[in-house]
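Structural overview
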Amino acid sequence: MVCAGSLPDARNLVSRARQEAANFAYSYGYNCPVDHVARRLANLAQLATQEAAMRPLAVSATIIGFDEEYKAPQLHRVDPAGFYTGYYGVASGSKATEAMAALEKLQDPETKMFGESLEAVVKAGLSVMQKTLGQRIAADEVEIAYVDAKGEFTRLDLANVARLLEAMDRE
């Protein structure tokens, strides 16, 4: 889960997501699907917009995980108003609109993919970030992680991120 917004609200949202996933696993005996966690968090966020005694959380969350039912990675975003939806690629933060427009231009309309390989997808994401921010990104300023087809979560180390950025500079 990646959050953009208020840090205390992000901690609260992550804690709630863990609680929802644990309750689901306890009740049903298998891991909680990603879309279920997103739906529950969105319902709670939407409820906070209706209750006068509750302050809406000032955070949007991007949730990624492997869905055992679909046998594929899933990506969802939940916003503070309680809207959630699945994506092939998503951006959050102050320049999310510009980044989403750039992602849509890179996406193949037929396959909904951003590239044939993991490296191509990561490079596409990094190029969108650099274009949107209008500056070169240093390897220590970005974290890259992915969920593969086996459901394994992997975070790229600093050396691999630097290698990808250098390869982009040469192209």
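Residues numbered from 1 in each chain as written. Predicted model: local features only at pLDDT ≥ 70, side-chain atom pairs only at ≥ 80, totals over all residues. Heavy atoms only, no water.

This part is about the side chain of Ser127. Here Ser127 lies in helix α4 (residues 118–133). A distance of 2.8 Å separates the side chain of Ser127 from the backbone oxygen of Ala124, its partner in a polar contact. For Ser127, the contacting residues outside a window of four places in its chain are Leu106 and Met168. (Helix = DSSP H or I, 4+ residues; strand = E, 2+ residues; numbered from the N terminus. Polar contact = N/O pair within 3.5 Å; in protein donor to acceptor, adjacent residues only side chain to side chain. Contact = heavy atoms within 4.5 Å.)

Attention now goes to the packing of helix α1 (residues 7–28) against helix α2 (residues 34–50). Axes are the key here: two packed helices are described by the angle between their axes and the distance separating the axes. Where α1 contacts α2, the axes come no closer than 10 Å and their chain directions differ by 125°. One element, α1, and the other, α2, form an angle in the oblique class. Here α1 and α2 pass one another in a crossing that is right-handed. For the pair formed by α1 and α2, the contact residues are Leu13, Arg16, Ala17, Glu20, Ala21 and Phe24 on the first element and His36, Val37, Arg40, Leu41 and Leu44 on the second. (Axes fitted to C-alpha atoms, helices over the stretch in contact; angles between N-to-C directions. Parallel < 35°, antiparallel > 145°, perpendicular 65-115°, else oblique. Left-handed = near helix turned anticlockwise from the far one by under 90°.)

As a further point, take the pattern of salt bridges. Between side chains of opposite charge, pairing is possible as soon as their charged atoms come close. As enumerated under the stated definition, the model contains eight salt bridges in all. As a salt-bridge pair, Arg40 and Glu20 come within 3.0 Å of each other at their nearest N and O atoms. Of this pair, Arg40 sits in helix α2 while Glu20 sits in helix α1, and the two are 20 residues apart along the sequence. Given the relative accessible area of 28%, Arg40 is considered partly exposed. A residue is classified by how much of its surface remains accessible, and Glu20, at 8% relative accessible area, is buried. Across the pair Asp169 and Arg136 runs a salt bridge whose closest N-O atoms are separated by 2.6 Å. Pair noted here: Asp169 is in helix α5 (residues 158–170) and Arg136 is in the loop between α4 and β5 (145–147), with a separation of 33 residues, a long-range link. Note on Asp169: relative accessible area 43%, which makes it partly exposed. For Arg136, a relative accessible area of 46% puts it in the partly exposed group. Taken together, the shared-partner salt bridges in this structure form one network comprising Arg16, Glu20 and Arg40. (Salt bridge = Lys/Arg side-chain N within 4 Å of Asp/Glu carboxyl O. Buried < 20%, exposed > 50% of the residue type's maximum accessible area, 1.4 Å probe, protein only.)

A few words now on the pairing of strand β3 (residues 72–78). In this sheet, β3 lies alongside strand β2 (residues 59–67) in antiparallel orientation, the contact comprising seven bridges. Bridge pairing in β3 links Asp67 to Ala72. Here β2 folds back onto β3 in antiparallel fashion, the turn holding four residues, of which Lys71 has a positive phi close to 55°. The pairing of β3 with strand β4 (residues 84–86) spans three bridges and is antiparallel. Within β4, the residue paired with Arg77 across the bridge is Thr85. Counted along the chain from β3 to the antiparallel partner β4, the turn is five residues long, and its residue Gly82 has a positive phi close to 100°. (Pairing = 2+ DSSP bridges.)

Across soluble globular proteins, you tend to see nonpolar side chains buried next to one another. Within the largest apolar cluster, 14 residues are counted, with the highest numbers of intra-cluster contacts made by Leu13, Val37, Leu41, Ile63 and Val78. Elements with a contribution of two residues or more to this core: α1, α2 and β2. The greatest single-element share of this core, amounting to five residues, is contributed by α2. Discounting chain neighbours no more than four positions away, the residues touching Leu13 are Cys3, Leu41, Leu57, Val59 and Ala61. (Core = buried A, V, L, I, M, F, W, Y, C linked by side-chain atoms within 4.5 Å.)

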